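# Coordinate analysis (summary)
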Amino acid sequence: MNRTFKITFALFLLLVLALTWLEATEPEPVNWSPSYVAKDKIPLGSIVFFESWKGNTSSEIEEIKIPPYEFFMQDSLPNGTYFFLNHYIAFDDDELNNLLEWVEKGNSAFISADYISMNLLDTLDLEINEFISNKDFTSRPKFNLVNPALKSTESYKLDHDIEAIFFSKIDTARHTVLGVANLEEEATSEEQKINFIKAPFGNGELLLHTNPQAFSNYFLLSEDNHEYAEKVLAYIDDNGPILWDSYYKSGKTFYSSPLYILLNRRSLKWAYYFVIIAGVLFIIFEGKRKQRPIPVVAPQKNQTYEYTQTIADLYLEQKRYKELATKKIELFLEYIRINYRISTQEINEQFYLDLSSRAGKEPEEARDLFKNINKSESKAQISKEDFLELSRAINEFKDTKDGK
């Protein structure tokens, strides 16, 4: 590792450490994610609302942590109010039918959400929409109630932009307007938007509210906004139990990941990230330096041909032509047995006919070849010319069969 590389690596490491320190010491940004979980302390959590309501009501508040569909499948159902508070509430058809059947028997359901299930809106003949200020692009609605006994002289407001959702269509013959919202300082009754209604259903009723932010920690802890939540709750019958929905929540009610403890604290989170970065750097630099090259092992070559050639040269140098001829004949007979499937134990007329037929030769050619072979075998010694003549005859017979 040369000096320039060491300096570059040190500067890079210092840069990483500096960025990590700056990020770790930066103030924690405010988490404006909609949660509405009863134990969440973030601005749009609802621990303040839940604990305050639980401590100031004579009703029993029961947390329902299962889907409403499963809850309504129970044999024994309590009578009371099912309270839904979330960024969105989306019932499937079966779940909605079970809820409405339960409400129809004299119970009530309170739903506060920016986006309410479309099948519920269709059932009640309702439509919702979103509005913004005519003067600028801010969206900070101010809330109030319609009932003179509950209406405040000053509207309750939130100094943070939220989605201003309202009911753009209601059935005035059946639905009762309970609350309104507006974006203007001096809004007329025509400019006020309906955000809270009561819809009777059978012997029960549905209370629909389009601004769940009104029950968030941030809203309730601002000025006297807690009064608005108290007045809204005045429409809920406190003689029966309150069934608090903990299933339809945008935030997590529990954390299944073991990394939650690390990632939930900024200092621990960046320590965890730094360990990962250090591990990656170690693999890149230290691992590369210590890795040994793997030698290339060439596969063994097939040197059978070279070996055979060497042995043949030895026979030729020693002029052992008789032995070469014998081996040549043995190889040719083996060739006949393997390729033509003909026994070579008896060399007779039938053998010549079978060999010539399968080799594509005339019987006379087969006879001449074996005459040459018998001639070589009968001699105690043969000359070089005899051996070459025998080899040529055998090779020509084989080459013609192979189509060469």
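Note that the coordinates shown come from a computational prediction; the quantities given were computed from them, not determined experimentally.

## What to know about the overall build of the protein chain
Along the protein chain, the regular secondary structure elements total 14 helices and 13 strands. Split into buried and exposed, the 404 residues of the protein chain put 38% on the buried side. Put simply, 69% of the contacts in the protein chain that link residues at least 6 apart link residues at least 24 apart. Of the accessible surface of the protein chain, which amounts to about 25000 Å², a share of 53% is contributed by carbon and sulfur atoms.

## Some points on unusual backbone geometry
Look at E223: it is not a glycine, yet its phi comes out positive at around 50 degrees. In this fold, E223 is placed in the loop between α6 (217–220) and α7 (226–233). In this structure, R341 is a non-glycine residue whose phi angle is positive, near 55 degrees. Assignment of secondary structure puts R341 in the loop between α11 (321–339) and α12 (349–359).

## Digging into the nonpolar core
F49, W53, F83 and W244 are the most contacted members of the largest nonpolar core, which totals 32 residues. Secondary structure elements with two or more residues in this core: α2 (47–55), β2 (81–85), β7 (142–145), β10 (176–182), α6, α7 and β13 (242–245). Broken down by element, the residue count for this core peaks at four residues, all from α7. Core analysis: the second largest hydrophobic core is formed by 30 residues, F72, L100, I111 and L206 among them.

## Topic: the packing of aromatic side chains
Scanning all chains against the criterion turns up 34 aromatic pairs. Taken together, the aromatic side chains of F49, F50, W53, F83, F110, F196, F215, Y235 and W244 make up a single cluster linked through ring pairs. Stacked on the ring of F397, the Lys or Arg K361 has its end atom at 5.3 Å from the ring centre. A cation over an aromatic ring shows up here: K398 above the ring of Y335, its NZ or CZ 4.6 Å from the ring centre.

Conventions we followed
- Residues numbered from 1 in each chain as written.
- Predicted model: local features only at pLDDT ≥ 70, side-chain atom pairs only at ≥ 80, totals over all residues.
- Heavy atoms only, no water.
- Helix = DSSP H or I, 4+ residues; strand = E, 2+ residues; numbered from the N terminus.
- Buried < 20%, exposed > 50% of the residue type's maximum accessible area, 1.4 Å probe, protein only.
- Contact = heavy atoms within 4.5 Å.
- Areas by Shrake-Rupley, 256 points an atom, 1.4 Å probe, with all protein chains shown as cover.
- Core = buried A, V, L, I, M, F, W, Y, C linked by side-chain atoms within 4.5 Å.
- Phe/Tyr/Trp six-rings, centres within 6.5 Å; stacked < 30°, edge-to-face > 60°.
- Lys NZ or Arg CZ within 6 Å of the ring centre and 35° of its normal.

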